[in-house]
Amino acid sequence: MSTLAQWVLQRTDHGEGDAALCICMKHGPPASLDDPHGPGHFPLKDDFTVTRLSIDPSTTELPKPPGQINATQTEAVLAKAHASLQQWKKTSAAQRAEIVHKAAALMLAHADDYARLVTREMRRHIGEARGEVRLSADILAYHARQAEAFPDPANLYPRYGAAFLQGSPLGVLFCGEPWHFPFYQLARIAGPQLMAGHTVIVKHAGYVPACAIAFEKLWAEAGAPAGVYTNLVVSHERSDQAINGSHLQGLGSDGRPTAMAGTAACQGGGLKKGALELGGSDAFIVLDDADLAQAMPWAVHGRMYPPGQSGAAARRFIVVESVADAFLEGFKAELKGMTIGGRTDARSTRGPLSAEAVLVRLLAQVDAALQAGAGRALDGWRIAGPGPFMLTTILTDIQPGEPAFRDDLFGPMLSFHRVKNDAAATALALCADSSLGGSVWTEDEARGQRVARAVEAAMVFAEPITSRCGSLPDATTRDAATPRMPHVRI
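## Thoughts on the overall build of the protein chain
The helix and strand inventory of the protein chain stands at 15 helices and 19 strands. Looking at the protein chain residue by residue over its 490 residues, the buried ones come to 54%. Just so you have it, the protein chain exposes about 20800 Å², and 54% of that area is on carbon and sulfur atoms.

Written as structure tokens, this is what we have:
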């Protein structure tokens, strides 16, 4: 089997385990471990347990399962996190910072080991994987450095007496995280939340169980008490159990709209505080005075790191018509010049997609766009041979109401739009339902700020594109999050 992970359903009395597995695989490999043809295709009762297996596509050997979590065990995990909270929230900021600093140092010291896990489970190019590990460590280190600044009380200066606004831990937090950046997604949660005195339970995506386990072990090695950070291997049904549990006080989740809608319904039903995040359809805006030589490598990086599989990747390239031809020709040349190769090949500049199902979905999106009348400025197709490799596709003549304009395009596919002026560029950028991180390219700083502020994206960069570092918060706007969390950086 070529998928990186598979569901195995086993009955606790071992009476129907093989039959359950055969039924699951009858539909072919699931698009993900949360796919309708994965375990959610079968009603999981209390006498079933769920196991995730991390499978290297270069071998057919099945590793030892990481453990099985049933309803009773899920409740025990929640209780342990709640018990740990009672001590963890009483520790000083300096004590928490010591542990978070050590976790960051351990990530950097073993960066290659963590990167190889990302490469194995995500098919991520090894250079990109190392970059993600370094960023994750940077995030942890940043929040540890800010230990004394974040919890400072604010004086409210009332007319009579004294009043202060003081932050305090909310309680046990539950987070559901996607697969595309397996360590970054965890670091951006763990760093600030552990420093704030919360205990954290994470349900990571099914594609990356080894990364999830490694990150949990990191905190044990850094000296965090048991139950402060927990990796929870559960199905969606058990996730609902966790969200509705009395020990849980808040949740955060990131994923596709259908999954987030279900999470939001469960969150509301349990009256739990939370923040949900979706992917964006981000704009890369090039104005008529932009330095194209400077913008070009960032255009490639913005779309192709990792090959288009990022919620904050540039998806819609909006270019003022006076420079559109020059930009498009240069962009096509750069994309064609990329060296596509294996995940550990230092000579390659682009690796494969994360999974076969991701490629199949993307090819279907390309076909649907073409059938709806889109044009192609650059033809992309599946590369023959093993592995989910695809050449880059540039679509043109896509209208705002069409799926290819609004939907997630997780892979080397993008849309190119010509506009008359700044106002038209802004108006087209605003047609998307959501935006995580956009950029504006111009030689005029004041002009860039005006356009950036009008775009209504969570993070807008006026050169360079959505670069990340540990000190920048993640944020989303409009339909991409609840509650809305705007953040603009110029």
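That covers the picture; the talk isn't over yet.
## Remarks on the nonpolar core
The biggest cluster of nonpolar side chains holds 79 residues, and the ones touching the most others in it are Met107, Phe183, Phe215, Trp219 and Ile285. Per-element tally for this core: the top contributor is helix H5 (residues 126-145), with 9 residues. Residues contacting Phe215, with those up to four places away along its chain left out, are Met107, Phe183, Leu186, Ala187, Ala190 and Tyr229. In terms of nonpolar packing, the next biggest core, distinct from the first, is built from 25 residues, Ala290, Ala299, Val319 and Phe331 among them.

## A closer look at the confidence of the model for the protein chain
Predicted confidence across the protein chain gives a mean pLDDT of 76, with 76% of residues reaching 70 or more. Within the protein chain, helix H3 (residues 93-109) carries the highest mean pLDDT (96), whereas helix H1 (residues 17-26) carries the lowest (24). Ignoring residues within four places in sequence, the model shows residues 475-490, a span with pLDDT below 50, making 69 contacts including any to other chains.

## Comments concerning helix H7 (residues 209-221)
Taking 1.5 Å of rise per residue, the 13 residues of H7 would be expected to cover 18 Å, and the 18 Å separating its terminal C-alpha atoms lies within 8% of that figure. Turning to H7, its buried residues number three or more, namely Pro209, Ala210, Cys211, Ala212, Ala214, Phe215, Leu218 and Trp219. At the exit of H7 stands Gly223, carrying a positive phi of roughly 100°.

## What to know about the pattern of salt bridges
Overall, the coordinates contain 11 salt bridges when judged by the stated rule. Ionic pairing is found between Asp289 and Arg447, a salt bridge with its closest N-O pair at 3.2 Å. Residue Asp289 is found in the loop between strand E10 (282-286) and helix H10 (292-304), and its partner Arg447 is found in helix H15 (residues 445-455); the two are separated by 158 residues along the sequence. The exposure class of Arg447 is buried, given its relative accessible area of 13%. Here Arg447 and Asp422 are joined by a salt bridge, their closest N and O atoms 2.7 Å apart. Of this pair, Arg447 sits in helix H15 while Asp422 sits in helix H14 (residues 422-429), and the two are 25 residues apart along the sequence. Of the two residues examined, Arg447 and Asp422, each falls in the buried class. Connected through shared salt-bridge partners, Asp288, Asp289, Asp422 and Arg447 make up one network.

## Observations concerning the side chain of Glu121
Along the chain, the position of Glu121 falls in helix H4 (residues 111-122). Although Glu121 lies buried, it forms no salt bridge, and the closest oppositely charged side chain, Arg120, sits 4.2 Å away as judged by the N-O distance. In terms of polar contacts, Glu121 uses its side chain to reach the backbone amide nitrogen of Ala210, at 2.8 Å. Separated by 3.1 Å, the side chain of Glu121 and the backbone nitrogen of Cys211 make a polar contact.

## Observations regarding the packing of aromatic side chains
Counted by the stated rule, this structure contains 13 aromatic pairs. When the ring of Phe215 is compared with that of Trp219, the centres are 5.9 Å apart and the planes differ by 75°; the resulting orientation is edge-to-face. Taken as a pair, Phe215 and Trp219 lie in helix H7 at a separation of 4 residues, close to a single helical turn. Assigned by exposure class, Phe215 and Trp219 land together as buried. For the ring pair Phe284 and Trp441, a centre distance of 5.5 Å and an interplane angle of 20° mean the geometry is stacked. Note that Phe284 is positioned in strand E10 and Trp441 in strand E16 (residues 437-441), a separation of 157 residues in sequence. By the burial criterion, Phe284 is buried, and Trp441 matches it. Following the ring pairs from residue to residue traces out a cluster consisting of Phe284, Phe317, Phe327, Phe331, Phe416 and Trp441.

## A word on the environment of Gln249
For Gln249, the location among the structural elements is in strand E8 (residues 248-254). A relative accessible area of 34% places Gln249 in the partly exposed class. Separated by 51 residues in the primary sequence, Gln249 and His198 have C-alpha atoms spaced 9.8 Å apart.

Parameters and conventions
Residues numbered from 1 in each chain as written. Predicted model: local features only at pLDDT ≥ 70, side-chain atom pairs only at ≥ 80, totals over all residues. Heavy atoms only, no water. Helix = DSSP H or I, 4+ residues; strand = E, 2+ residues; numbered from the N terminus. Buried < 20%, exposed > 50% of the residue type's maximum accessible area, 1.4 Å probe, protein only. Areas by Shrake-Rupley, 256 points an atom, 1.4 Å probe, with all protein chains shown as cover. Core = buried A, V, L, I, M, F, W, Y, C linked by side-chain atoms within 4.5 Å. Contact = heavy atoms within 4.5 Å. pLDDT = per-residue confidence, 0-100. Expected span 1.5 Å × (residues − 1). Salt bridge = Lys/Arg side-chain N within 4 Å of Asp/Glu carboxyl O. Lys, Arg positive; Asp, Glu negative; His and termini not counted. Polar contact = N/O pair within 3.5 Å; in protein donor to acceptor, adjacent residues only side chain to side chain. Phe/Tyr/Trp six-rings, centres within 6.5 Å; stacked < 30°, edge-to-face > 60°.

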